[in-house]
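Each chain, letter by letter, is given below.
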Amino acid sequence: MLRYWSSVVCAVSLVGPWMGGPGGGGGGGRGVWGLTCVGQGPCGCAFDDGSGAIDVSSLGNTDSTPRFADVRGKDNFLYSYNPCYPFSEGNCTDAAVCQVGNGTQSYRQIGDAKPVQWLNSTQAYLLLQALSETAASSWGESMKKSYANVSVTAYYEHVEQLPQFVIRESFVTFVCDPVAKVPLLEATGGDGTHTTFFFRLTTQCACPNGCVRGTSGSSSLSAGSVFLIVFFVVLFVYLTGGVLINRICHQATGLEMVPNINFWRSLLGHAQDGCLFVTCQFHKTKETYTEVS
């Protein structure tokens, strides 16, 4: 099915610049509706006129959990979505989009994390029009609310072989809003066929060059943070283990339960001697300068 869409998208890309999109009128200026956003993998795309790139890598969780979990759709089903990175939830594995039954624990995968087809507004509109005129019209009206009509749509699909061959498709439209630092996912849900699903994600990351890879919302830790975490974990294990061993095995009490207490006492003594030495040298130097003057 993805090959079919790819062929259609290729054809639309050739005629898109001369076609009017929803609310776009006739064959006037090329505008954002006609620009092709060339896919750069599952995390974004770059506009073919060099105006910038859309990078959504900072919106996705990297720990196999969905960034947007159990968002209620207009069809009363719950939906989970994670841009860029795969997640697992219930029966959904390596998923981009997962549907959760209303009031039940049934899970249905409706989009794999890879591959991802990136569509511009004209391409998405024509593909949706081929599926449903009503869906295309409502989708086009919602896009008028976006900033300067800048939007791209990520197309995901999931193929079920059993009990019968079914292709489930999800369209996630990324809507540019320069002030939307906190992304908002809206789930329209299914179109009634239980095979096609629509979503709208408003975020500043949908604007050209709106987000830099690995920033806003990234769950990665800096090297300093990792070092501090490891240091305090090792310190806790060292102190707790040492106290327990000295108490249980050596019947120690009070400060004697502290592991290697003699070493720490001598270390504090050496530190104190070093401070006194530095202080004495400072005072001696100050007195020498006073005598010379």
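Residues numbered from 1 in each chain as written. Predicted model: local features only at pLDDT ≥ 70, side-chain atom pairs only at ≥ 80, totals over all residues. Heavy atoms only, no water.

Enquirer: Which residues make up the overall build of the chain, and what are the values?
Expert: When its secondary structure is counted, the chain shows six helices and 13 strands. When burial is assessed residue by residue, the chain has 40% of its 293 residues classed as buried. Element-wise, carbon and sulfur atoms account for 61% of the exposed surface of the chain, whose accessible area totals about 16200 Å². (Helix = DSSP H or I, 4+ residues; strand = E, 2+ residues; numbered from the N terminus. Buried < 20%, exposed > 50% of the residue type's maximum accessible area, 1.4 Å probe, protein only. Areas by Shrake-Rupley, 256 points an atom, 1.4 Å probe, with all protein chains shown as cover.)

Enquirer: Please give an account of the pattern of salt bridges that cites residues and values.
Expert: Scanning the model with the defined rule gives three salt bridges in all. Residues Glu160 and Arg168 are paired through a salt bridge, measuring 2.9 Å at the closest nitrogen-oxygen approach. Each member of the pair Glu160 and Arg168 is classed as buried. Of the charged contacts, one joins Glu256 and Arg265 as a salt bridge, the two residues approaching to 3.4 Å between their closest N and O atoms. Judged by relative accessible area, Glu256 falls into the partly exposed class, the value being 40%. (Salt bridge = Lys/Arg side-chain N within 4 Å of Asp/Glu carboxyl O.)

Enquirer: I'd love a proper account of the state of the cysteines, names of residues and values included.
Expert: Two cysteines form a disulfide when their sulfur atoms are joined by a covalent bond. As enumerated under the stated definition, the model contains five disulfides in all. One disulfide in the model links Cys92 with Cys98; its S-S distance is 2.1 Å. Because the torsion about its S-S bond is 70 degrees, the bridge between Cys92 and Cys98 counts as right-handed. For Cys176, the disulfide goes to Cys207, at an S-S distance of 2.0 Å. Judged by the torsion about the S-S bond (95 degrees), the Cys176/Cys207 disulfide is right-handed. (Disulfide = S-S within 2.5 Å.)

Enquirer: Give me the lowdown on the sheet that holds strand 1 (residues 37-39), citing residues and values where you can.
Expert: With respect to topology, three strands assemble into an open sheet ordered 1-2-3, the strand pairing being antiparallel. Strands at the two margins of the open sheet, each flanked by one partner only, are strand 1 and strand 3 (53-55). When strand polarity is set aside, the average angle formed by the axes of neighbouring strands in this sheet is 25 degrees. (Pairing = 2+ DSSP bridges. Axes fitted to C-alpha atoms, helices over the stretch in contact; angles between N-to-C directions.)

Enquirer: Explain the packing of aromatic side chains to me, using residue names and the numbers behind them.
Expert: Going through the model one piece at a time under the given rule, you end up with 11 aromatic pairs. Here the aromatic rings of Phe227 and Phe231 are separated by 6.3 Å at their centres, their planes lie at 20 degrees, and the arrangement is stacked. Here Phe231 and Phe227 lie together in helix 5 (residues 223-250), a separation of four residues that amounts to about one turn. A residue is classified by how much of its surface remains accessible, and Phe231, at 43% relative accessible area, is partly exposed. When the ring of Phe263 is compared with that of Trp264, the centres are 5.0 Å apart and the planes differ by 70 degrees; the resulting orientation is edge-to-face. Assessed through its relative accessible area of 47%, Phe263 is described here as partly exposed. (Phe/Tyr/Trp six-rings, centres within 6.5 Å; stacked < 30°, edge-to-face > 60°.)

Enquirer: Give me the nonpolar core: which residues, what numbers.
Expert: Counting 32 residues, the largest nonpolar core has Tyr81, Trp118, Val152, Tyr156, Phe174, Phe199 and Leu201 as the members making the most contacts within it. For this core, the elements supplying multiple residues, two or more each, are strand 2 (44-47), strand 4 (68-72), strand 5 (78-81), strand 7 (92-100), strand 10 (151-160), strand 11 (166-176), strand 12 (184-190) and strand 13 (196-203). Contact partners of Tyr81, with chain neighbours within four places excluded, come to Pro66, Arg67, Phe68, Phe87, Ala96, Val97, Tyr156, Val172, Phe174, Leu185 and Leu201. (Core = buried A, V, L, I, M, F, W, Y, C linked by side-chain atoms within 4.5 Å. Contact = heavy atoms within 4.5 Å.)

Enquirer: Got a sec to walk through the environment of Gly242? Specific residues and values, please.
Expert: Mapped onto the fold, Gly242 is located in helix 5. With relative accessibility at 11%, the residue Gly242 sits in the buried group. Distance in space between the C-alpha atoms of Gly242 and Asn260 is 8.3 Å, their sequence separation being 18 residues. Contacts of Gly242, omitting those with residues within four sequence positions, involve Val237, Met257 and Pro259.

Enquirer: Would you mind going over unusual backbone geometry in detail, with residue names and values included?
Expert: Looking along the chain, the bond that leaves Lys114 and enters Pro115 is cis, with omega of -5 degrees. As for its placement among the helices and strands, Pro115 is situated in the loop between strand 8 (107-112) and strand 9 (117-119). In this structure, Asn209 is a non-glycine residue whose phi angle is positive, near 60 degrees. Owing to a relative accessible area of 54%, Asn209 belongs among the exposed residues under this scheme. In this structure, Gln251 takes a positive phi of about 55 degrees despite not being glycine. Within the secondary structure, Gln251 is located in the loop between helix 5 and helix 6 (261-292). Residue classification places Gln251 among the exposed residues on the basis of a relative accessible area of 58%.

Enquirer: A description of the pairing of strand 11 should follow, citing residues and the corresponding values.
Expert: For strand 11, a buried count of 10 out of 11 residues is recorded, marking the element as mostly surrounded by other parts of the structure. Relative to strand 11, strand 10 runs antiparallel, the two sharing 10 bridges. Counted as the bridge partner of Tyr155 is Phe171 from strand 11. Taking the residues between adjacent antiparallel strands as the criterion, strand 10 and strand 11 are bridged by five residues. The pairing of strand 11 with strand 13 spans eight bridges and is classified as parallel. What sits directly across from Thr173, in strand 13, is Arg200.

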